[in-house]
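The lines below spell out each chain.
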Amino acid sequence: SSERQWKSFNRSSVYMADLEAALHYSLRMEVAAHTVIKGDEMISLKNYVNALAKYFQGRPMVVNLLKNLNSWLQNQTGDEISYEAFKEILDNTAQSPDSALPKSRGWVGCQGSQQNFRGYPCGVWTLFHVLTVQASNANGSDPQEVLTAMRGYVRRFFGCRYCANHFEHMAEESMSKVETLSSAVLWLWSSHNIVNNRIAGSVSEDPEFPKIQWPSPATCPSCHTVSRRGDHEWNRDEVLSFLKFHFSSDRILTDYLD
Ligand code: FAD
């Protein structure tokens with residue numbers, strides 16, 4: 001099928017097709033695994049959809065859909081909702097014009113060299129990096145808002161359970177130290193590198209996309225420095241500028257969207 005065909009892409013770009021595919025997969029498959037959503041799952045879903053409605057800058061129809069979904073969800077005052085009710089709003093069964101989350105037509109920048117590599121987990125990281133950067137540009141009032149949304153989503157819904165456990169452990173250890181929107185961007189970058197380091201060389205690593213401490217010196221020379229003792233050090237100010245550039249909404253490519 002067309003979804004399986006290799007799509008050429010630029011490795012130094014972020015693709016809207018991947019962000020939409022991550023939303024599609026998360027809201028239509030992962031959340032769908034829960035017939036009824038209540039308690040902590042309900043809180044986590046509300047935080048997640050709220051962060052999306054507030055900070056996701058995508059195609060107008062997708063932004064509208066996320067806003068509709070969020071107003072519906074935040075208005076649910078009962079203890080629980082059914083996934084079926086959620087799906088009616090998500091699929092816009094009322095057919096409000098200019099509001100839709102299209103089905104994914106496959107991964108682009110998150111394509112793996114084989115079916116079992118990359119894809120959704122890559123999409124999840126990318127989505128949340130983009131959201132931390134957008135929250136910092138939007139001057140959000142709660143520096144931990146996006147990280148809390150990600151933490152709750154991963155803990156309650158992310159299909160890879162050992163990933164979720166590791167992530168929760170990292171969050172428990174250090175997320176409370178995040179006091180600014182910039183440090184939220186850097187916390188997620190640093191946590192992602194900890195994961196890269198832990199799983200480098202493991203069976204889940206796509207040989208065409210080796211796990212590195214990212215960004216590489218070739219991608220961001222000024223991000224890397226050497227201490228007086230000769231150890232590698234990150235220049236965190238440069239890393240922050242690089243992240244804000246790399247994940248900025250103006251640079252997101254819209255190739256391969258309908
Ligand atoms: P990914 O690591 O998914 O990264 C996607 C893209 O982000 C990269 O191509 C690169 O452009 C960019 N990037 C890379 N590093 C950084 C960084 N530090 N900061 C910002 N951008 C970066 N897999 C396991 O096997 N074990 C685990 O415990 C595990 N835990 C996970 C926890 C979470 C919360 C998530 C979302 C995923 C986890 N995974 C885990 C999956 C794993 O991290 C990768 O997503 C997966 O192996 C696909 O790798 P990838 O090559 O597409 O790159």
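Asker: Explain the overall build of the protein chain to me, please; I cannot follow it from the model alone.
Answerer: Within the protein chain, the secondary structure is distributed over nine helices and four strands. For the protein chain, the N- to C-terminal ordering of α and β elements is α-β-α-α-β-α-α-α-α-α-β-β-α. Here the C-alpha atoms of the protein chain give a radius of gyration of 18 Å, agreeing with the 18 Å that 2.2 N^0.38 yields for 258 residues. Overall, the protein chain is about 60 × 45 × 35 Å in size when its C-alpha atoms are taken along their principal axes. Looking at the protein chain as a whole, 32% of its 258 residues are labelled buried. In the protein chain, 70% of the contacts between residues at least 6 apart in sequence involve partners at least 24 apart.

Asker: Explain the site of the ligand here, please?
Answerer: The environment of the ligand is formed by 25 residues, the closest being Pro-121, Cys-122, Cys-163, His-192 and Trp-214. Of all the elements in the fold, those that place two or more residues in the shell around the ligand are helix 5 (120–137), helix 7 (161–174) and helix 8 (181–199).

Asker: Explain helix 3 (residues 60–74) to me, please; I cannot follow it from the model alone.
Answerer: Along an α-helix, a turn takes 3.6 residues, which lines up residues three or four apart on a common side. Compared with an ideal rise of 1.5 Å per residue, which puts 15 residues at 21 Å, helix 3 spans 21 Å between its outermost C-alpha atoms and is within 8% of the ideal. Val-62, Leu-65, Leu-66, Leu-69 and Leu-73 are the residues of helix 3 that are buried. Burial along helix 3 is one-sided: seen end-on, the buried residues are contained in an arc of 95°. Opposite its buried face, helix 3 presents the exposed residues Pro-60, Ser-71 and Gln-74, each directed more than 90 degrees away. On its buried side, helix 3 packs onto helix 1 (16–30), helix 2 (39–55) and helix 4 (83–90).

Asker: I keep staring at the packing of helix 2 against helix 3 and nothing clicks. Help me out?
Answerer: One can describe the packing of helix 2 onto helix 3 by two numbers: an axis separation of 9 Å at closest approach and a directional angle of 145°. Seen along the crossing, helix 2 lies across helix 3 with a hand that is left-handed. Facing helix 2, whose interface residues are Leu-45, Lys-46, Val-49, Asn-50, Leu-52 and Ala-53, helix 3 presents Leu-66, Lys-67, Leu-69, Asn-70, Leu-73 and Gln-74. Taken together, the residues of the contact of helix 2 with helix 3 sort by class into seven nonpolar, three polar and two charged.

Asker: When you look at the confidence of the model for the protein chain in this model, what are you seeing that I'm missing?
Answerer: Interpretation of the predicted coordinates at a detailed level should be avoided for regions scoring low in pLDDT. On average, residues of the protein chain score 96 in pLDDT, and 99% of them reach the 70 mark or higher. Interface predicted TM-score (ipTM) for the complex: 0.99; the corresponding pTM is 0.97.

Thresholds, definitions, all that
Residues numbered from 1 in each chain as written. Predicted model: local features only at pLDDT ≥ 70, side-chain atom pairs only at ≥ 80, totals over all residues. Helix = DSSP H or I, 4+ residues; strand = E, 2+ residues; numbered from the N terminus. Rg over C-alpha atoms; globule rule 2.2 N^0.38 Å. Buried ≥ 20, exposed ≤ 12 C-beta atoms within 10 Å, placed from the backbone. Contact = placed C-beta atoms within 7 Å. Near = placed C-beta within 6 Å. Expected span 1.5 Å × (residues − 1). Arc of directions from axis to C-beta. Axes fitted to C-alpha atoms, helices over the stretch in contact; angles between N-to-C directions. Left-handed = near helix turned anticlockwise from the far one by under 90°. Nonpolar A, V, L, I, M, F, W, Y, C, P; charged D, E, K, R; others polar. pLDDT = per-residue confidence, 0-100.

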